[in-house]
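Each chain is listed here by its residues.
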Amino acid sequence: MSTDESGSREPILQATGLVKTYGRVVGLDGVDLDLYPGEVLAVIGDNGAGKSTLIKCLTGAEIPNEGEIRLEGRRVQFKRPQDARALGIETVYQTLAVSPALDIAANLFLGRELRKPGPLGTVLRAVDVKRMRQRAKEELAELGITTLQDVTVPVENLSGGQRQAVAVARAAAFGSKVVVLDEPTAALGVRESRQVLELIASLRDRGVPVILISHNMPQVFEVADRIHIQRLGKRAATITPRSHSMTDAVAIMTGAARA
Ligand SMILES: Nc1ncnc2c1ncn2[C@@H]1O[C@H](COP(=O)(O)OP(=O)(O)OP(=O)(O)O)[C@@H](O)[C@H]1O
């Protein structure tokens, strides 16, 4: 892999020798991955190369049979997605996890609602809608998201791109350390895809490292700082849009060339 781009910095997230098998099928065959602070790392590869399995292992949705994962240098072992989320690894899956009937603010706080201070000893406290809306506005401004002005709008009234922005904002807000995006533009049109790409760049500029799984080569080459190429359950290479062309990337993906 190219270490020149990242200098001597430590990876924020590092996987070494991950193996994941499903019965006799080998999903991951000893894969390594490094994500450095402040970068967009794209993960590309042919169908069945192990992209989803790799992401699932990094985000607690699958448990690898072998290998180790380090977050900020410390070894972590995720048994479920909540474990990864608790440590600041947030994932936006292809199937959008937004609640259409709820407004933008409620979606941003889904599962971590702010509550009003109740009387002493009270367990069930009312959701603090006002404070959540205020915080939601602040978080969106912090993330540079200008397309979601009114946080009281139900998500079902938004365009596909805006919905994706809500899902990405939810993952990126509240101090998350790593954001993982699985094909975030797959269901979007050209203009909406552009908004999401700008949002990814804006996350990076605000210091949130992003792992982007995508089949869309032009988008990958536009937004990624480095590109992890997955092939047959392993990392075939890590390249950059400056060091390699899209044709080179496809050749490495298919095994026609080496990095
Ligand atoms: N739950 C599962 N049960 C059995 N085999 C699986 C399972 N999940 C993945 N695999 C196998 O593991 C390998 C890697 O699959 P994976 O979905 O990670 O690839 P991918 O690169 O994400 O592919 P795609 O681009 O098609 O989504 C494939 O051979 C796949 O059939």
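Described in the following lines is the structure provided in the data block.

Calculation notes
Residues numbered from 1 in each chain as written. Predicted model: local features only at pLDDT ≥ 70, side-chain atom pairs only at ≥ 80, totals over all residues. Axes fitted to C-alpha atoms, helices over the stretch in contact; angles between N-to-C directions. Helix = DSSP H or I, 4+ residues; strand = E, 2+ residues; numbered from the N terminus. Parallel < 35°, antiparallel > 145°, perpendicular 65-115°, else oblique. Left-handed = near helix turned anticlockwise from the far one by under 90°. Contact = placed C-beta atoms within 7 Å. Nonpolar A, V, L, I, M, F, W, Y, C, P; charged D, E, K, R; others polar. Core = buried A, V, L, I, M, F, W, Y, C linked by C-beta atoms within 7 Å. Buried ≥ 20, exposed ≤ 12 C-beta atoms within 10 Å, placed from the backbone. Pairing = 2+ DSSP bridges. Right-handed = clockwise from strand over helix to strand, strands pointing away. Expected span 1.5 Å × (residues − 1). Arc of directions from axis to C-beta. Near = placed C-beta within 6 Å.

Digging into the packing of helix α5 (residues 160–172) against helix α6 (residues 190–205)
For any two helices packed against each other, the geometry comes down to the angle between their axes and how far apart the axes lie.
Phase 1: Where α5 meets α6, the closest approach of the two axes is 8 Å, and the angle between their N-to-C directions is 20°. As far as their axial angle goes, α6 and α5 are roughly parallel. At the point where α5 passes α6, the crossing takes the right-handed sense. Contacts between α5 and α6 involve Gly160, Gly161, Gln164, Ala165, Val168 and Ala172 from the former and Glu192, Gln195, Val196, Leu199 and Leu203 from the latter.
Phase 2: Class assignment for the residues of the contact of α5 with α6 results in six nonpolar, four polar and one charged.

Quick notes on the nonpolar core
Phase 1: Within the largest apolar cluster, 66 residues are counted, with the highest numbers of intra-cluster contacts made by Val168 and Leu212.
Phase 2: Here this core gets seven residues from one element, more than from any other, and that element is α5.
Phase 3: Excluding residues that lie within four positions of it along the chain, Leu212 makes contacts with Val40, Ala42, Leu181, Ile200, Val223 and Ala224.

Focus on the pairing of strand β8 (residues 210–213)
Phase 1: Side-chain alternation along β8 places Val210 and Leu212 on one buried face and Ile211 and Ile213 on a second face that is also buried.
Phase 2: In this sheet, β8 lies alongside strand β3 (residues 40–45) in parallel orientation, the contact comprising four bridges. Across the sheet, Val43 pairs through a bridge with Ile213, a residue of β8.
Phase 3: Bridge count between strand β7 (residues 178–182) and β8: four bridges; the pairing is parallel. Bridged to Val179 within β8 is Val210.
Phase 4: Remark: the β7/α6/β8 crossover connection has right-handed handedness.

Quick word on α6
Phase 1: Over its 16 residues, α6 runs 23 Å from end to end, which matches the ideal 22 Å to within 8%, given 1.5 Å per residue.
Phase 2: Within the sequence span of α6, burial applies to Gln195, Val196, Leu199, Ile200 and Leu203. For α6, the angular spread of buried residues about the axis comes to 140°, placing them on one side. α6 presents Val190, Arg191 and Asp205 as exposed residues on the side facing more than 90 degrees away from its buried surface.
Phase 3: Structurally, α6 contributes buried residues whose contacts are with β3, α5, β7, β8 and α7 (217–223).

Thoughts on the site of the ligand
Phase 1: Surveying the vicinity of the ligand reveals the residues Tyr22, Val25, Gly27, Gly45, Asn47, Gly48, Ala49, Gly50, Lys51, Ser52 and Thr53.
Phase 2: For the shell around the ligand, the element with the highest residue contribution is helix α1 (residues 51–58), accounting for three residues.
Phase 3: Along the lines of polarity and charge, the residues of the shell around the ligand split into three nonpolar, seven polar and one charged.

Let's talk about the environment of Pro81
Phase 1: Secondary-structure assignment places Pro81 in helix α2 (residues 81–86).
Phase 2: Judged by the 17 C-beta atoms lying within 10 Å of it, Pro81 is partly exposed.
Phase 3: Between the alpha carbons of Pro81 and Ile229 there is a distance of 24 Å; along the sequence they are 148 residues apart.
Phase 4: In this view, Pro81 contacts Thr59, Gly60 and Ala61; residues no more than four positions away in its chain are not counted.

A word on the pairing of β7
Phase 1: The buried fraction of β7 is high, at five of five residues.
Phase 2: Burial along β7 is two-sided: the residues Val178, Val180 and Asp182 and Val179 and Leu181 are all buried.
Phase 3: The pairing of strand β6 (residues 89–92) with β7 spans four bridges and is classified as parallel. Directly across from Ile89, in β7, lies its bridge partner Val178.

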